[in-house]
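Take a look at the letters that make up each chain.
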Amino acid sequence: MEKKRKTLKSKEQMETHLDSEERQAIVKAVHDLKPPPAYSRAKKKPDLGLTILVVPDSHSKPGIPNHRYEWLGRMVTEIQPDYVVDIGDHFDMHSLNGYDKPGSKSFQGASYWKDIAAGLDARLRFQQELDIYNRGRKKKCKPKLVFCVGNHENRINRFIEEEPRFEGVISIDDLKSKELGWEEIPFLKTKEIGGCNFSHYFTSGVMSRPISGMHQAASLVTKRFGTCIQGHTHTFDHSVRTDTSGRHLHGVVVGCYLEHDEPWAGPANAMWHRGIAVLRNVKDGNLDLDWWGLERIKARYS
């Protein structure tokens, strides 16, 4: 009983600073659910940093339609990113596949120049969408284009190393990166943008083996000590860690951008995460990740 009296007294004390009319107004406002007056809008908006659209492994190859690169071009013209980063393995280069022996069924019909033509067809379809959008507009869509060479494109360099008689006949220059406006980053080299590090994949240890495993994104951060974005595995993973200064560090594995299944992958095709990663508000290694699944892209841009 004593406790109840103390409680009542404390409530009375709390309301002594309110006169009767003020209390009635508060009670009425509570019952009426009248929206309060809005706060004034901020006069100075925060700097939202860079927008980077990351195209994961897309494996353009003969016999597979390149519709997805036209969709990509339309997506870029709508999102208007500061950068488009192709994370590598844009060119499949099946003709230089070291796992298939010449004469085997899987190797039949393989052609170096068909592989190159398929990849360039994809590049040109993407560029054509940008050109169509920019035609007659004062404000153009001209993102900076970055291409991180993947292990599939690097097959060209490896083949020349093993077969030096082909030097001068074929080369990595056949990818026409410079002519098409792409900054080409050599295989396993890193491109830093807004505090984020981009590469086809990252390595660790004295043997420089690819960082992999069940918690691949977390391993990227803890083994490379920074924000790292990579492709290669066709899977998706995202992990965030915070360093002693309070910076958020991200590890992102960005999946793949293809519709078709690969016969060599078998059941692993079902593990692949298909789509496009859009990194927003990129600054000092921090970012907001916006994932676009392939079905969402098709529904909007096909």
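Here we summarise the structure given alongside this text. (Residues numbered from 1 in each chain as written. Predicted model: local features only at pLDDT ≥ 70, side-chain atom pairs only at ≥ 80, totals over all residues. Heavy atoms only, no water.)

1. So, the sheet that holds strand 6 (residues 196-198)
Taking strand neighbours across the sheet as the criterion, the 5 strands line up as 5-6-9-11-10 in an open arrangement whose pairing is mixed. Either end of the sheet is taken by a strand with one partner, and the two such strands are strand 5 (191-193) and strand 10 (236-242). The sheet shows a mean angle of 20° between the axes of neighbouring strands, taken without regard to direction. Relative to strand 11 (residues 248-254), strand 10 runs antiparallel, the two being bridged by 7 bridges. Counted as the bridge partner of histidine 238 is valine 252 from strand 11. (Pairing = 2+ DSSP bridges. Helix = DSSP H or I, 4+ residues; strand = E, 2+ residues; numbered from the N terminus. Axes fitted to C-alpha atoms, helices over the stretch in contact; angles between N-to-C directions.)

2. Description of the pairing of strand 3 (residues 144-148)
Within strand 3, 4 of the 5 residues are buried, which leaves it mostly tucked inside the rest of the structure. In this sheet, strand 3 lies alongside strand 2 (residues 83-86) in parallel orientation, the contact comprising 4 bridges. Along strand 3, the bridge assignment pairs aspartate 86 with phenylalanine 147. One ladder, built from 4 bridges, connects strand 3 with strand 4 (residues 182-185); its direction is parallel. The residue bridging cysteine 148 from the neighbouring strand is isoleucine 185, located in strand 4. (Buried < 20%, exposed > 50% of the residue type's maximum accessible area, 1.4 Å probe, protein only.)

3. Quick notes on helix 3 (residues 67-79)
Compared with the 18 Å implied by 1.5 Å per residue over 13 residues, the 19 Å span of helix 3 between its first and last C-alpha is a close match. By the criterion of burial, helix 3 is predominantly enclosed, with 10 of the 13 residues buried. Tucked inside the fold, the buried residues of helix 3 contact strand 1 (50-55), strand 2, helix 4 (112-134), strand 12 (275-283), strand 13 (286-293) and helix 7 (294-301). Glutamine 80 lies just past helix 3 and shows a positive phi near 55°. (Expected span 1.5 Å × (residues − 1). Contact = heavy atoms within 4.5 Å.)

4. As for unusual backbone geometry
Notably, leucine 188 is not glycine yet its phi reads approximately 70°, a positive angle. Tracing the backbone through its elements, the reader meets leucine 188 in the loop between strand 4 and strand 5. Residue leucine 188 is classed as partly exposed on the basis of its relative accessible area of 35%. The phi dihedral of aspartate 284 falls on the positive side, at around 55°, and the residue is not glycine. By the element assignment, aspartate 284 lies in the loop between strand 12 and strand 13. Among the residues examined, aspartate 284 registers a relative accessible area of 49% and is labelled partly exposed.

5. Details of the pattern of salt bridges
Scanning all chains against the criterion turns up 17 salt bridges. One salt bridge connects glutamate 183 with lysine 191, and the closest N-O pair in it is separated by 3.2 Å. You can call glutamate 183 partly exposed: its relative accessible area is 37%. (Salt bridge = Lys/Arg side-chain N within 4 Å of Asp/Glu carboxyl O.)

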